[in-house]
Amino acid sequence: LKEQAMSFADSEPVLLITEGSSAGHVNASHIAAVPGGWIIADDTRTALTFGQTTLTANSPYNSNYPADSYIAKMDSTGAWQWAAQPDCSNGLIFIDEISTTIMGETLVVGLYAGAVSFGATQLANPSPYGDGFVAMLDQTGQWKWAHGFETTSNNNSETSRIFGVTSTLAGDIWVTGSHKGETNFGSSTITSTNTSYFLAKMDAMNGANTQVFAYGGSGTNAGSQVAADSMGNVWVVGTTTGTFDTGNKIYTTGSSGDTIIVKND
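Now for a quick tour of the structure. The shown structure was predicted, so the numbers you read here are calculated from the model rather than taken from an experiment.

1. Remarks on the sheet that holds strand 5 (residues 68–75)
At step 1: Read from one edge to the other, the open sheet built from 4 strands follows the order 1-2-5-6, with strand pairing classed as antiparallel. Across the chains shown, the open sheet's two edge strands, defined by having one partner strand only, are strand 1 (30–34) and strand 6 (80–84). Within the sheet, the average angular offset between the axes of one strand and its neighbour, ignoring direction, is 20 degrees.
At step 2: Sheet analysis places strand 1 next to strand 2 (residues 37–44), joined by 5 bridges and oriented antiparallel. Among the inter-strand pairings, Ala 33 is bridged to a residue of strand 2, identified as Trp 38.

Spelled out as C-alpha cells, the structure:
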C-alpha cells in the first residue's frame, strides 16, 4: 500500500455579505479593489439599500431590462461606506466593466441610451441603439465626470459600446470596445462599415478623449478587456469573426470566431 498525503483549503467563508431586494432580481457581476475595501457594481431594476443609503430604480425601461445601475463601496469588514447610481429616469444604462485608480477613484463603463445623469453631468443620445460611456467617481462616491461617445444612426444597428477600462501608473485611462457607423469619440470621428475594435485614451481630469485607434476588417471585431503593464504598454484582448486589420498586421480567423490579443506601446 502507498500512502498519499492530501491537503485541503479551508472552504468555509470567513465573511459573508449579502444585499438584495424582495421586489425582484439584482445582478452583481463586477468587483474591484480600493484602499481599505472593495467596489461592487452592476445593473438592477429594483430599489436597493446599502447601509444607510437607499437607491431607487427609476428607468422607464425596467419592465423589459435591469436598466438602472448601482456602484457601492464596502470596507474590509463588510460595512457599506457609500452607494451611488446614475439617474436613468429618462434613459437606461448597462454596466460592462469597472476599474479603480491608484488614487482610489472608480471607473465605470458600458452602454447608455436616452438621457442619463451622473451627478451634475448629463449625457444625452438620440440613437435607439445607445452608445458607450465612461464615468468616474471619487473616493467618497461622488461623480467627478462622465463622457459619452455619439454614433450617427441610420437604422442599421450603428452604435458604440465600451467593454473594458483600465488606468495606468502614469494616470492615463484607456477604454476598449466596439463601434459601427460614424462615431464621434471626441478627439476624432471614425466611420466603420462593420463592427470594429477601438482603443481610446481618456483624460483622467475630465474624461475627454485625447486619442483613439480603431481597427476593422470583415466580420465583427471588438475589444473586451484592457490592461496596462509596468512598462506603460497597453494590452487588449478581444474577438474577431473575420479579418482583423491594424494597418501593418492582418489576421484572418480560421473558425467562426477567434481571440485576438493586441499589444500597444
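2. Re the pairing of strand 14 (residues 173–184)
At step 1: Burial of strand 14 is extensive: 9 of the 12 residues sit out of reach of the surface.
At step 2: For strand 12 (residues 150–152) and strand 14, the ladder comprises 3 bridges, and the chain directions are antiparallel. Note on strand 14: the bridge partner recorded for Thr 152 is Glu 182.
At step 3: The pairing of strand 13 (residues 159–167) with strand 14 spans 8 bridges and is classified as antiparallel. Paired with Val 165 across the two strands is Val 175, which belongs to strand 14.
At step 4: Linkage of strand 14 to strand 15 (residues 189–202), two consecutive antiparallel strands, is achieved through a turn of 4 residues, within which Gly 186 is found at a positive phi near 120 degrees.

3. Quick look at the nonpolar core
At step 1: Counting residues in each nonpolar core, the largest one holds 21 residues, and the members touching the most others are Ile 71, Ile 93, Phe 118 and Phe 133.
At step 2: If you list the elements that add at least two residues to this core, you get strand 1, strand 2, strand 6, strand 7 (87–100), strand 8 (106–118), strand 10 (131–137) and strand 11 (143–148).
At step 3: If near-sequence neighbours (up to four positions away) are discounted, Ile 93 is found in contact with Asp 43, Pro 66, Ala 67, Asp 68, Ser 69, Pro 86, Cys 88, Leu 111, Tyr 112, Val 116, Phe 118 and Phe 133.
At step 4: In this structure, Phe 185, Ile 190, Ala 200 and Met 202 belong to the second largest nonpolar core, which totals 16 residues.

4. What about the side chain of Asn 62?
At step 1: With respect to the element layout, Asn 62 can be found in the loop between strand 4 (53–55) and strand 5.
At step 2: Within the structure, Asn 62 has its side chain in polar contact with the backbone nitrogen of Ala 67 (distance 2.9 Å).
At step 3: Beyond its immediate stretch of four places on either side in the chain, Asn 62 contacts Thr 44, Arg 45, Ala 57, Ala 67 and Asp 68.

5. A short note on the sheet that holds strand 17 (residues 221–228)
Picture the strands of a sheet paired through backbone hydrogen bonds; they go either parallel or antiparallel.
At step 1: With respect to topology, 3 strands assemble into an open sheet ordered 17-18-21, the strand pairing being antiparallel. Because the sheet does not close on itself, it has two edges, and the strands there are strand 17 and strand 21 (258–264). Geometrically, the sheet is characterised by an average inter-axis angle of 25 degrees between neighbouring strands, direction not taken into account.
At step 2: Of the pairings in the sheet, the one linking strand 17 to strand 18 (residues 234–240) comprises 7 bridges and is antiparallel in character. The residue bridging Gly 223 from the neighbouring strand is Gly 238, located in strand 18.

Reading the values: rules and limits
Residues numbered from 1 in each chain as written. Predicted model: local features only at pLDDT ≥ 70, side-chain atom pairs only at ≥ 80, totals over all residues. Heavy atoms only, no water. Pairing = 2+ DSSP bridges. Helix = DSSP H or I, 4+ residues; strand = E, 2+ residues; numbered from the N terminus. Axes fitted to C-alpha atoms, helices over the stretch in contact; angles between N-to-C directions. Buried < 20%, exposed > 50% of the residue type's maximum accessible area, 1.4 Å probe, protein only. Core = buried A, V, L, I, M, F, W, Y, C linked by side-chain atoms within 4.5 Å. Contact = heavy atoms within 4.5 Å. Polar contact = N/O pair within 3.5 Å; in protein donor to acceptor, adjacent residues only side chain to side chain.

By themselves, these observations are geometric and do not establish any function.
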